[in-house]
Each structure stands twice: as structure tokens, then as C-alpha cells.
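# Report on the structure
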Amino acid sequence: MDAFVMQNLMNWLVLSSIYALVALGFSLLFGVLNVIHFSHGDVSIVAPFVVLATVQALIATAFPAATPGALVLACAAAIVVVGLIGVLADWLVIRRFRNAPAMMALVATVALGTVIRELIRMIYPQGSNPKPFPNLIETRLMIGDLTVPVFSLFVIAVSVLMMIVLYVVMRHTPLGMRIRAVAEDRNIARLMAISPSRIYAATFFIASAVGAIGGIFYASYAGVVRFDFGIQLGLIGFSAAVIGGLGSMQGAILGSLLIAGIDTLVQATMAEGASYRLVFAFLLVIFVLVLKPSGILGRTVMEKV
Amino acid sequence: MSGPVLEARNLSIRFGGLVAVAGVDLSLSAGEVLCIIGPNGAGKSTLFNLISGIYRPSSGSVHLDGRAITGQPAHRIAAAGIARTFQSSRLFTDLTLVDNVVIGMHCRTRSGVLDALLRPRHARAELEAAAERAGELLRLVSPDLYQRRHTLAGALPQADRRRLEIARALASEPKVIMLDEPSSGMDDRDTDALIEDIHMTMAERPGLSYIIIEHDMRLVAALPERVMVIDYGAKIAEGPFAEVRQDRRVQEAYLGQRAAHA
Amino acid sequence: MMTGTSKITLAARRASGADLAIIAGIELGGALLLGFFLLTDDWRLIVALLAVFAAGFALLQIRPAIEDRIVSAFHAARAQALGLGAVVVLVYPFMMQGSSYALHLLVIAQLYAVLALALNFQLGSANIPNFATGASYGIGAYCSALLAIDFGVSFWLTLPIAALVATGFGFVLGFPSMRTRETYLALVTIAFGIVVHQLLNNFSWTGGPNGLVGIPAPTIAGHSFTAPIELFGQRLPSQANFYYLAAALVALAIVCARRLHDSRVGLAWNALRCDELAARCQGINVVWYKMMAFAVDAFLAAFAGSVYAAYVSYISPDNFTFLVSVTIMTMVIVGGMDNTLGVIVGAFLLTLLPEKLRIFADYRLLFVSVIVILFLILRPQGLFPQRPRSYGGR
Ligand SMILES: Nc1ncnc2c1ncn2[C@@H]1O[C@H](COP(=O)(O)OP(=O)(O)OP(=O)(O)O)[C@@H](O)[C@H]1O
Ligand SMILES: [Mg+2]
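### Remarks on the confidence of the model for chain A
This prediction gives chain A a mean pLDDT of 90; 97% of its residues lie at or above 70. Confidence, read as mean pLDDT per element, is least for strand β2 (residues 140-143) of chain A in chain A (82) and greatest for strand β4 (residues 224-225) of chain A (96).

Here it is in C-alpha cells:
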């Protein structure tokens, strides 16, 4: 296979991985809370800013410049901080819409997204401007006549690992069992001495932390980050989760593969690919939903009358 | 009399592995009352859903006045003349009682978007007339409902919801009306009133045929000429109530469950 | 027999002096409040006016009887209320002390009111999510701008053509609603909105990201809309032309909204909003009514788009983004779903608030979003909740 094809296959997998990390959060939150957390993309994109800020703080104080250690530490901090921001978002806003019509929660979280973007813009120094973001791993491997960035392999590996971890947590741990119990019926869960509010907090933490990894990768892949990148990242992650079938983790991954697939394909084959990638990605979304109204792996439940 | 108003032949539906309705035949002539009884989960409501077009049957056919309506969308079937109520009432709770009944007249009124926009007087007059009739209908069903006709349906107590649902179904001037457990959630007094109401509308509209799913054996005994028993999706008996209740299979189906009620 | 009781509703009352006083108080008071709000630059006055506004609603929240009294007054003296309202709208520009900025804000607020009323058919009446109103708005704007620039078609002719084109788009948009619902349908409309925005951005014949410039202004009987209005020895800035045009459009939208709401169609929409399955069993062709809601929305939104294009004479894809659709949606929810007046107030509030908060410069978007969230939490039914229909004697 020639280098061009390999290159694009690689791009496809990397993009899919990044999208999937965000889409999984949407799917998890919808599965458990039946709520669309539209600001999930914006929460996720806070992570690269926390990384940048932490790295700068570390450089200014203890660590010598550009130590990989500083970056690792900063990423870890960002993941935790963003996880907590997710919990906070739920606690301040989203939980108040648990029993409200879906449309209310949707609009509230859209507004929350604006709040988060504006806060990034105002708190981060010169937050309106794009910020260069370091490539997490600069090293490149030479395989035959092919250069493979180690970063790409790393992104794919981490994403697959996260998917496995999420799967194991949800299926085989007490926490996962509780989350699924609450997702099934929060009142019955309460009878089983499970506190739904703690479970919601845990779910928001997990979803946001995983999203944070996606946000960091997204910034690192693009080499730059801006306060409003969360809109597009969120829209794409949301679309991936929906066309895959909301609430299904496999669906979120499948949706990400599809959207990243058309994205890469358009960019690789069309002259003006870069400007038409969103057109085709969202035409795909429409197409899939017209054919499969509940997403590819979503269950169509026939209403019992 | 000519042929039956409503005729279902060999009606079946399966949900995955479960055969919820299995080859049920049903025939109803004009002005007749048919009662369907059977244990919980027998498939009674599902039979209604098949006839009213909410589910598409896996096999079998439904004819109304000799015309096939099998598998047609629910709104067509409603327009063709089959009205129904639901087991757990499904009113338009954020609208007034009058609105609910006027919506029931949807297929007896005509104005569309263009009429509403370009011939507002005409559209309005039609709606006012419908509201007028809705008021009359509510008064017929219960003076109490009539008094409350401008309040929201969501605020009604259970028994009145059932009445309103019946009024809404009657509003479409159907040929067949299907009531799914109309007495559920009613006490004895309400049930007696309900039986009264049904007798009254029968006198009022002689051609109208009824299918009623019921658990309350008092109502079953008081109303219908014919009873049909369903168990595990299949018809196990049919005939006058007095005969059917003697049937061994019926007693077995009800044993332990409903025997005490009967 | 209770003769004729079915005719007696709260609407049939004769208008009393108290009714007229209430109407005059509300309409003139509202106009005055709005006028001060538009003309002041003093942030203390702005905050005070907002406080008065909020206090009014707090009062309604605590004492619903007041709202009922007001509504009954407006029902009893409909003609007088309409007449006074029309006079207020007509003379309003003369009260603006020649401020073209205030008039500009009023034009924009009125266009958003039309958009919000358009979306209300779906979101309010039928509870169908639609995040593509911004796209219909854009299609209307581009359509009439292109017709005017490339073919020299008169504005008055582009208006209906653009509306028809957008209505076609509305049908296409509504097509997937045949099967998809709720969140899934919301995403379909989001996707449509993004596709339209991106295409406007990419096509060369739409001017790409730079958009279209030099869209000609309409003329009536030789009077160009870019010229000031000279009347009764008063001179109104040129924005006043578009103020009256936009006001006419709002009036059209209100008439459409009222007529549809008080018709069999409005009832069918309300029915499927509450319980789609039960609606189907009443003989309502749910798919058709959903498509109609999309079509009516696009039709009105396109009118607003055409007027906007002619007004600013320059449009670009960024005027019609996803966030514009969200803003329109927020106006409907904040104002009150399925309540015509509420939706208009919501549109005015959310258009004027960010403008007037310019004093907070950088913080205003944050501010507005926080207010929206607080609103959704504290008064989820909106400023003016839906009211039951009344029949008879109107
Ligand atoms: N949409 C559906 N999907 C799957 N199974 C269904 C569906 N609707 C009904 N069933 C199943 O079909 C069977 C018959 O249900 P149905 O509601 O018709 O019973 P019923 O006779 O009305 O009982 P009840 O007296 O409790 O109302 C039940 O086992 C039910 O779980
Ligand atoms: Mg049943």
C-alpha cells in the first residue's frame, strides 16, 4: 500500500480516537441521565488550557523548561480538573433539569457552553487569541519509507485503552453496576441504597475526564487551541454519539469511525477538501438518521400502549 | 342487516419471541356491544392496537364496512371511523376539556393551514361550531365536565379523565368505539355512572358499535350481548356472558387471578 | 336549561373604564420603559429599568390574579387595545429623539421577534426541536440578495420569492421528522443548519466567507429606504424606513400566529406536542402537521432574512450560524412557549440586553448566558406562559 493511503488511514484512526473520547462522554451521560450535555465539548476543551497554564506555572517555578515531566504532570492535572468541572457543571446547572423537558436541558447546556467559553476567554491571558499547543510526542518512527509520528500511535493506544477501561468499569466493577442501576431506574436504585446523586457525580467525572483526554489530543493534533474550539469538537462528538445510537458505547465508537472516515476521505480526495469536510460530515449525519432514526446501534423501542 | 361493521380475521402479532396476539377472529355488527375479557398480559390491549393501526399486524386482516384497513396508519383508521380510549388515559393534559373534545373532531373538520391564514373567518366559524358541539357532548357525558370545560384536562380526577376520553372518542362520530378498561381507577359509584353513560349513548346513537375491554365483571354482566375471552393471545371462548363464565377453559384461565371478582 | 352559557366566557364581557385604564397603563408603561431603556447610556438607569421589569414579573409570579385581570381587560377591549398599540408603534420613532442607534436596535429586535414567532410554531405549538431557523433566515437573506444584485429584481418581488424558496427548504428539513424524533431530530436540524452555513461559506456565487455586499435598499414610490423620512416637520433617520417595514412584518407574523393558533391546525400541533400517539388516534396526520410547522417557520424566517439583507446591505454566512438558531430558540423559551406576546418580549429582551450591556464590554455574553440559565431554572414556563384558548364571543 502506498504511503499516501497509509498516511490517511493513520489520520483516520487518530481522528476517530479523538472524536470517540468525546462521543463516549455524550453517550455515557445520555445513557445514565437521559440528558444531552451540550457543553461537553466546551468542558473538554478546557483541558488543553489547563495543560498550558500548568506547564507555564511549572516552568516558572520548579521544573527546567520543556521537561517532559512537566507536560505529563500538567496533563494529569488537566484531566482531574476537567473531571471536577464536569461535576461542578452538573451540580450548578444540569441537575436542575433532571425532570424538565429534554429541550430545556439542551438549551440550558448550550448556554452553559457559552459561559464556559467566555470564562476561558476571560481567565486565560489574552484568551481570545489562538494558543500554540505543543505536540505531546515529537518523535517519529521510520517504518520502511513511511514516517509514523509516535504521537499518532500514542493517541490510538490511549483511546483504545480508555475504551477498554470504560468497558471494564461499566461491566465488571461495583461502581459500573451502580451506574447501570441508576441508569435503569433511579428510584429502584435508591431502594438498593445507591445514592443517585453520587452516581451522577461519578458519571460526570468519568465522562469529563475522558473528554479532557480527547480535548488535549485535539489541541495537540491541531497544534493550536482557541477558546471556542469546544463548539466544533462538541458538535462532532455529539453527532458521532447520536448516529451511533445514544447510550451505546459501541455506537459512539462506530459513529466516530464514520465521521472521522468521511472527514479524512474528503480531505484526502477533494481539492477543496478542507472547506467541505464539515458539509460532508453533517450530510452523513442526516443520511444516517433518515435511514436509522435512532442511530445505527440505537434500540427502537416500540412504545407500549 | 348487511355484513359486519368490523371484521378481523386471523389477526396476529409477535414481539420478538412473544406471540402477543395469535390468530384472533372478531366480528362486530352495527349497534352491537362486544366485551373482551382475559387475564393480565393476555393481549387484549394489543388487539386494540392492531385494529387502531398503532401496531402493524404480523398477519391477518381488518375490514371496516367491508373495506380493508389492515396496516393503514392510525390517523387513516381513525378517520375511517374507529375511535378508542387508552388503558392509562392519554388526554392532552395541557389543554382545556373543550380543546380535547374539539381535537377529537379533527377528522370531521376541514380547515387547513391556508384556510386558517387566508379565510380566517371561515376557519374560525368551523372551530366555534366544533366547540359548541363539544360543549353539548360534554354536557351529555356529564354536567360536571361541562361545568369545568374551560379548565385543563390535566387537573381532572381519574374518573373524569376516563369520561373525557370517552367524550373525545365519541366526538369523531365513529362507527366503532373501543374502550380499554373504562372503569379502571373508578369506584363502584363511578362505575355505575359509567354503565349509565354507556346505556345513554347507546340510546342516543343506535348505530354505534362498542368493543370494551373490562376487568370489572359487574360492567361485563350489565352491558354486552356478547363476551370474548382471550388468553395467551388466543381466543378461548365467545358467547353470552352467562355461557362463557361456565366454560371450563375460561375458569382455568381466571383461576386464582380473577375468580374472586367474577 | 342553561341557555347560551356556552357563549359566556371571560371574553364576552363589555369593556369598562377600568379595562381601558389597565390597557393604557400597560401599553404606555411598556413603551415608556422600553424608550428609556433604548435611549439611556447610564448603566445605573439600565439596571434600575431591568429591576422594574423583573419586579413586574415577580409580582405576576406571586399574584397570578393580576395577570388574569390584565388578560381579561385585553379581551374585553380588544379593539381599543389594538388601536392604541398601533398608534404607539406608529409614533414610536418620533419619540426616539432622532437616535439612529435606538431605531437600529428596534429594527433588529423586531426582526428577531419575527424569527422567534416563526420558530414558535414548532417549538412552542408542536414541541418540535428546530435548530435550523437560522438557516431558513439565511436562505431568505441570500435568496433575495442574490436576486437583487445579480438580476436586479425589485425588493418587493424578492420578498415572496425568497419566502417560497425557504418554504421549500422547510419541507426538505421537515422530511426527516417523518421518522426521527426528539434528540435525533434536533441533531438533524443542527446538521442541516451547519451544512447550509458551510455551503454559503464555500460557494463562490454566494461570495464565500466574505458574503454579499451592496445589496440595494428597497424603494417605495420613488422614496429610497436609505433616505431619511421627513414628516410633520420632523426628520427621522433612514433607519425609520426599516423600522416601519419590520413593524409591518411583525404584524404579519402576529396575524399568522394568532390565526394558526386559534384554528384546527394550532389544536393539532398542540395535540401532537402533548401526546403524539394519542394525536394520531384522533385522526391527525402527525407527519404532515410536523412538515407544515417546518414550512411555516421557514416561510416567516425568510421574510425576516430578506428585510435584514436589504437593511444592512451586507450579509455573510456568519450572520446565520448555529448560535443564531440557538439564540432564537432561547427567545422562545424565555418569552414563553406558545404565547405570542411572550415570544415577542423574549426576542426584544434578548436582543436589547446584550446591546445595552455593552458597558460591561467583555462580560456581556457571559452575563446574558448566565441570565438565560437562571431564567430556565427560576421561571421555566417563560415570562408569559401559555394560556388556555377561549371560545365564543370574540
Ligand atoms: N410494544 C410492545 N413490545 C413488546 N411487548 C409488548 C408490547 N406491547 C405489548 N407487549 C406484550 O404483549 C403481551 C400482551 O400485552 P397487552 O398489553 O395486550 O395485555 P392486556 O391483555 O391488555 O393485559 P392487561 O390486562 O394487563 O392490560 C404482554 O406480555 C406485553 O408485555
Ligand atoms: Mg391492557
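### Structural notes on the interface of chain A and chain B
If you look at the interface, chain A gives four residues, while chain B gives eight residues. Between chain A and chain B, roughly 470 Å² of surface is buried when both sides are summed, and carbon and sulfur atoms account for 57% of that area. Counting the surface chain A buries against chain B, the share from its top three residues, M302(A), E303(A) and V305(A), is 95%. Remark: the boundary between chain A and chain B carries zero residue pairs in polar contact (both at pLDDT 80 or more). The residue makeup of the side of chain A that touches chain B, split by class, is two nonpolar, no polar and two charged.

### Here we look at the domain arrangement of chain B
Residues and elements named next belong to chain B. By domain assignment, chain B separates into domain 1 (6-81 + 174-261) and domain 2 (96-167). The C-alpha centroid of domain 2 is placed 27 Å from the C-alpha centroid of domain 1. Across the boundary between the two partners, domain 1 contributes 19 residues, which contact 10 residues of domain 2. Taking both partners together, domain 1 and domain 2 bury about 1100 Å²; carbon and sulfur atoms supply 60% of that area. At the junction of domain 1 and domain 2, the tally comes to two salt bridges.

### Notes on the coordination of the magnesium ion (ligand 2)
Residue and element names in this part refer to chain B. For the magnesium ion (ligand 2), the full set of protein donor atoms is S45 (OG) and Q87 (OE1), and the range of their distances to it is 1.9 to 2.0 Å. Taken as a pair, S45 in helix α1 (residues 44-51) and Q87 in the loop between β6 (82-84) and α3 (97-104) lie far apart in primary sequence, 42 residues in all. Note on S45: relative accessible area 13%, which makes it buried.

### As for the nonpolar core
Nonpolar side chains in soluble globular proteins tend to be buried together. By size, the foremost hydrophobic cluster in this structure holds 326 residues, and its most contacted members are L6(B), L26(B), L47(B), I211(B), W269(C) and I315(C). Among the elements that line this core, the one with the most residues is helix α5 (residues 100-126) of chain C, at 19 residues. Apart from the residues within four sequence positions on either side, W269(C) is in contact with F121(C), S125(C), A126(C), L260(C), Y289(C), M292(C), A293(C) and V296(C).

### Thoughts on the sheet that holds strand β3 (residues 33-37) of chain B
Residues and elements named next belong to chain B. The strand order across the open sheet built from six strands is β6-β7-β8-β3-β9-β10, with neighbouring strands paired in mixed fashion. Every other strand in the sheet has two partners, leaving β6 and β10 (234-239) as the edge strands with one partner each. Averaged over all pairs of adjacent strands, the angle between their axes in this sheet comes to 20 degrees, without regard to strand direction. One ladder, built from four bridges, connects β3 with strand β9 (residues 226-231); its direction is parallel.

### Describing the packing of helix α10 (residues 249-269) of chain A against helix α11 (residues 273-291) of chain A
Residues and elements named next belong to chain A. In the contact formed by α10 and α11, the axes pass within 8 Å of each other and the chain directions differ by 145 degrees. For α10 against α11, the interelement crossing comes out right-handed. Of the residues in α11, those in contact with L258, I259, I262, D263, V266 and Q267 of α10 are G273, A274, Y276, R277, F280, A281, L284 and V285. Split by residue class, the contact of α10 with α11 holds 10 nonpolar, two polar and two charged.

### Quick word on the pairing of strand β7 (residues 176-180) of chain B
All names here are of chain B. With five of its five residues buried, β7 lies for the most part within the structure. In β7, alternate side chains face the same way, and those of V176, M178 and D180 on one face and I177 and L179 on the other are all buried. Here three bridges tie β6 to β7, and the two strands are oriented parallel to one another. Pairing of I82 across the sheet is with V176, part of β7. With five bridges connecting them, β7 and strand β8 (residues 209-213) associate as parallel partners. Counterpart to M178 in the pairing with β8 is I211.

### Some details on the state of the cysteines
Residue and element names in this part refer to chain C. Across all of its chains, the model carries zero disulfides over all chains by this definition. Counting only cysteine sulfurs, C256 is the nearest neighbor of C143, a cysteine outside any disulfide, at a range of 19 Å. Judged by its relative accessible area of 15%, C143 is buried.

### Looking at the sheet that holds strand β5 (residues 67-68) of chain B
All names here are of chain B. One open sheet accounts for four strands, arranged β2-β1-β4-β5; its pairing is antiparallel. The open sheet has two edge strands, β2 (18-28) and β5, and neither has a second partner. Of the strand pairs in this sheet, strand β1 (residues 6-15) and strand β4 (residues 59-64) are connected by five bridges, and their pairing is antiparallel. Pairing of E7 across the sheet is with H63, part of β4.

What counts as what
Residues numbered from 1 in each chain as written. Chains lettered and ligands numbered in written order. Predicted model: local features only at pLDDT ≥ 70, side-chain atom pairs only at ≥ 80, totals over all residues. Heavy atoms only, no water. pLDDT = per-residue confidence, 0-100. Helix = DSSP H or I, 4+ residues; strand = E, 2+ residues; numbered from the N terminus. Contact = heavy atoms within 4.5 Å. Buried area = accessible area lost by both parts, 1.4 Å probe. Polar contact = N/O pair within 3.5 Å; in protein donor to acceptor, adjacent residues only side chain to side chain. Nonpolar A, V, L, I, M, F, W, Y, C, P; charged D, E, K, R; others polar. Domains from an automatic or database assignment. Salt bridge = Lys/Arg side-chain N within 4 Å of Asp/Glu carboxyl O. Donors = N, O, S within 2.8 Å, 3.2 Å for Na, K, Ca; no water. Buried < 20%, exposed > 50% of the residue type's maximum accessible area, 1.4 Å probe, protein only. Core = buried A, V, L, I, M, F, W, Y, C linked by side-chain atoms within 4.5 Å. Pairing = 2+ DSSP bridges. Axes fitted to C-alpha atoms, helices over the stretch in contact; angles between N-to-C directions. Left-handed = near helix turned anticlockwise from the far one by under 90°. Disulfide = S-S within 2.5 Å.

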